[in-house]
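Take a look at the letters that make up each chain.
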Amino acid sequence: MNILRAVLAKDLLSEWRSRDRLPAMLVFALLTVVVLRFAQPGGSLGGDPAQAPGLLWVAYVFAAVLGMNRAFALELENDALAGLALAPVDRGWIFLGKAASNLLLLVVAQITTAVFFSVLFGVDLAGVALPFLGIAFLGAVGLTAAGTLFAGISVRTRYREVMLPLLLFPLLVPLLVGAVQATAGLLADGRADPGALQLLCVYDAVFLIASFLLFEYVLDE
Amino acid sequence: MNDPTETRFERRALAAEGPVAIALLVTSAIAALVIVRAPADVVQGVLYKILFVHAPAAFAAYLGFVLTAAGGALYLWKNDEQWDRLAVAAAEVGLLFCTLNIVTGPIWAKAAWGKAWVWDPRLVMTALLWLVYLAYGLLRSFSEEGPRAARFAAVYGIAGVLLIPLNYFAIDLFGGRALHPENLERQSLGVGIGQPFLAGTIATLVAFLYLLLVRFEVQGLRVRVERARLDEASGEAS
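How each quantity is defined
- Residues numbered from 1 in each chain as written.
- Chains lettered and ligands numbered in written order.
- Predicted model: local features only at pLDDT ≥ 70, side-chain atom pairs only at ≥ 80, totals over all residues.
- Heavy atoms only, no water.
- Helix = DSSP H or I, 4+ residues; strand = E, 2+ residues; numbered from the N terminus.
- Rg over C-alpha atoms; globule rule 2.2 N^0.38 Å.
- Contact = heavy atoms within 4.5 Å.
- Areas by Shrake-Rupley, 256 points an atom, 1.4 Å probe, with all protein chains shown as cover.
- Core = buried A, V, L, I, M, F, W, Y, C linked by side-chain atoms within 4.5 Å.
- Buried < 20%, exposed > 50% of the residue type's maximum accessible area, 1.4 Å probe, protein only.
- Buried area = accessible area lost by both parts, 1.4 Å probe.
- Polar contact = N/O pair within 3.5 Å; in protein donor to acceptor, adjacent residues only side chain to side chain.
- Axes fitted to C-alpha atoms, helices over the stretch in contact; angles between N-to-C directions.
- Parallel < 35°, antiparallel > 145°, perpendicular 65-115°, else oblique.
- Left-handed = near helix turned anticlockwise from the far one by under 90°.
- Nonpolar A, V, L, I, M, F, W, Y, C, P; charged D, E, K, R; others polar.
- pLDDT = per-residue confidence, 0-100.
- Salt bridge = Lys/Arg side-chain N within 4 Å of Asp/Glu carboxyl O.

## So, the overall build of chain A
Secondary structure summary: chain A contains 8 helices and 0 strands in total. What you see in chain A, going N to C, is helices and strands ordered as α-α-α-α-α-α-α-α. For 221 residues, the compact-globule estimate of 2.2 N^0.38 gives 17 Å, and chain A sits close to it at 18 Å. Along the first, second and third principal axes, the C-alpha atoms of chain A reach 55 × 35 × 30 Å. Contacts in chain A between residues at least 24 apart in sequence constitute 82% of all its contacts with a sequence separation of at least 6. Accessible area for chain A stands at about 9,600 Å²; split by element, carbon and sulfur atoms hold 70% of it.

Following this line, the structure appears as structure tokens:
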């Protein structure tokens with residue numbers, strides 16, 4: 001637990017000092033929303049409400065991939081990653097620390113994007129703010145659990161920035177189905193489909209446990 | 001000819017190649033005969049016979065993906081390179097059969113359903129797995145050969161198999177219509193189809209085994225050539 005806190009604090013401190021990941025994620029997510037808005041058939045107000053949840057999650061996934069790519073790219077400088085690997089601690093906890101900092105940044109980006117999105121697409125998210133936040137959080141946990149593991153892999157391959165989405169997207173389908181269905185239910189009649197929430201929770205649990213155990217082999221120097 | 005680095009598992013795999021090749025010839029000849037002689041369907045004519053390739057290819061593909069994960073897990077556990085070679089071979093041969101399955105499906109569906117692609121759960125699931133193992137191949141070719149690449153691939157192969165049950169629930173939730181028969185036991189196969197189906201399945205699985213063995217051997221040779229080249233280079237340098 002101490003390790004988790006130490007890695008999280010280190011990541012947040014370096015983010016606070018450099019302030020490069022969060023702004024990049026925010027601007028990228030907002031730009032994605034704008035592009036998606038114009039990718040829809042015209043109309044002066046709002047977009048197609050049926051498509052809104054899916055488009056919002058596309059923006060979230062893009063922002064998450066951008067942020068997680070940076071998370072490990074920073075560690076490569078000055079061989080900080082080797083330092084982490086040499087630390088005489090269980091690497092699963094290092095993973096959780098990394099994932100927690102990714103999660104925190106992603107949730108901030110999600111909330112900001114949601115506000116912008118609800119204005120541009122004419123979707124009322126304010127009325128269901130709390131349950132929406134819950135769904136966004138569940139989705140973000142799964143995204144960062146799988147994403148942090150594969151960012152650790154992709155950063156040490158050729159074409160690192162390209163490799164993360166290639167590895168991650170095929171694995172994200174169940175998460176996206178759950179998150180989009182839950183959000184759609186919430187926007188349509190104020191309550192999320194319990195099956196979708198269940199799927200989100202199971203996905204989160206599976207990838208948290210698997211990544212916790214498998215990170216050992218990813219960080220192995 | 002005897003390589004001291006060859007493991008017992010590898011020697012057995014090599015020795016099995018010949019007999020399996022003969023078995024492949026025999027079983028595919030039998031399958032071809034039985035399938036040709038199987039009665040034509042009242043509605044579909046001979047078209048339905050693609051099933052004798054389509055369904056077994058799916059079995060072989062799933063077997064390949066499970067073996068990829070098993071090989072990866074054994075490699076991480078035992079740290080023995082031969083399991084990584086097995087995982088590579090299984091992933092590639094599995095992807096081949098998965099491709100065969102995905103290609104034969106639409107050929108049949110276009111004629112029988114009138115549409116080449118439908119959002120049927122089993123179809124979507126196989127297509128998603130196909131993408132996962134395509135990414136597995138990319139991961140291998142984009143990372144430097146060596147223990148690190150093997151570890152990364154093992155992690156990804158294990159995650160890919162974890163995805164199978166999750167996808168199953170997701171597609172159910174997504175609302176795909178089930179157009180595939182629930183099970184392929186005797187009841188759901190028509191009269192006179194059981195035998196060719198069995199023959200096709202056996203022949204396909206033997207073909208899978210043969211290709212797996214050959215690919216396993218090739219991977220072993222590739223690793224040795226790479227190592228010999230490195231040794232030579234370091235010998236010149238010193």
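## Focus on the nonpolar core
Residues Phe150 of chain A together with Tyr156 of chain B are the most contacted members of the largest nonpolar core, which totals 119 residues. If we ignore the near neighbours within four places in the chain, the residues touching Tyr156 of chain B are Phe150, Leu166, Leu167, Pro170 and Leu171 of chain A together with Val132, Ala135, Tyr136 and Leu139 of chain B. In this structure, Ala31, Tyr48, Phe197 and Ala199 of chain B belong to the second largest nonpolar core, which totals 10 residues.

## A few points about the interface of chain A and chain B
Facing the 32 residues of chain A at the interface are 27 residues of chain B. Both faces considered, chain A and chain B share a buried interface measuring about 2,600 Å² in area, 78% of it formed by carbon and sulfur atoms. On the surface where chain A and chain B come into contact, there are 4 residue pairs in polar contact (both at pLDDT 80 or more). For the side of chain A that touches chain B, the elements supplying multiple residues, two or more each, are helix H6 (129-154), helix H7 (160-189) and helix H8 (194-219) of chain A.

## Observations regarding the packing of helix H2 (residues 21-39) of chain A against helix H5 (residues 91-120) of chain A
All names here are of chain A. Between H2 and H5, the least distance of the axes is 9 Å, while the angle of their chain directions is 30°. Relative to H5, the element H2 lies roughly parallel. Taken as a pair, H2 and H5 cross one another with a handedness that is right-handed. Residue-level inspection shows Arg21, Leu22, Met25, Leu26, Ala29, Leu30, Val33, Val34 and Arg37 of H2 in contact with H5, the latter providing Asn102, Leu105, Leu106, Val108, Ala109, Thr112, Thr113, Phe116, Phe117 and Leu120. Looking at side-chain class alone, the contact of H2 with H5 contains 14 nonpolar, 3 polar and 2 charged residues.

## Examining the confidence of the model for chain B
The predicted model of chain B has a mean per-residue pLDDT of 84, with 89% of residues at 70 or higher. Predicted complex metrics record ipTM = 0.87 and pTM = 0.86.

## Remarks on unusual backbone geometry
All names here are of chain A. Even without a glycine there, the phi angle at Arg19 is positive, about 45°. Within the secondary structure layout, Arg19 lies in the loop between helix H1 (2-18) and H2. By relative accessible area, Arg19 is classed as partly exposed at 48%.

## Observations regarding the pattern of salt bridges
When their charged atoms lie close together, side chains carrying opposite charge are able to pair. All names here are of chain B. Per the stated rule, a full pass over the model turns up 13 salt bridges over all chains. For Glu10, the salt bridge is made with Arg85, and the minimal N-O distance between the two is 2.8 Å. Placement of Glu10 in helix H1 (residues 8-37) and of Arg85 in helix H3 (residues 81-112) is noted, with a sequence separation of 75 residues between them. As far as burial versus exposure is concerned, Glu10 and Arg85 are alike and both buried. Two residues, Arg227 and Glu81, come together in a salt bridge whose shortest N-O distance is 3.0 Å. Taken together, the positions of Arg227 in helix H6 (residues 194-237) and Glu81 in helix H3 put the pair 146 residues apart, joining distant regions of the chain. With relative accessibility at 36%, the residue Arg227 sits in the partly exposed group.

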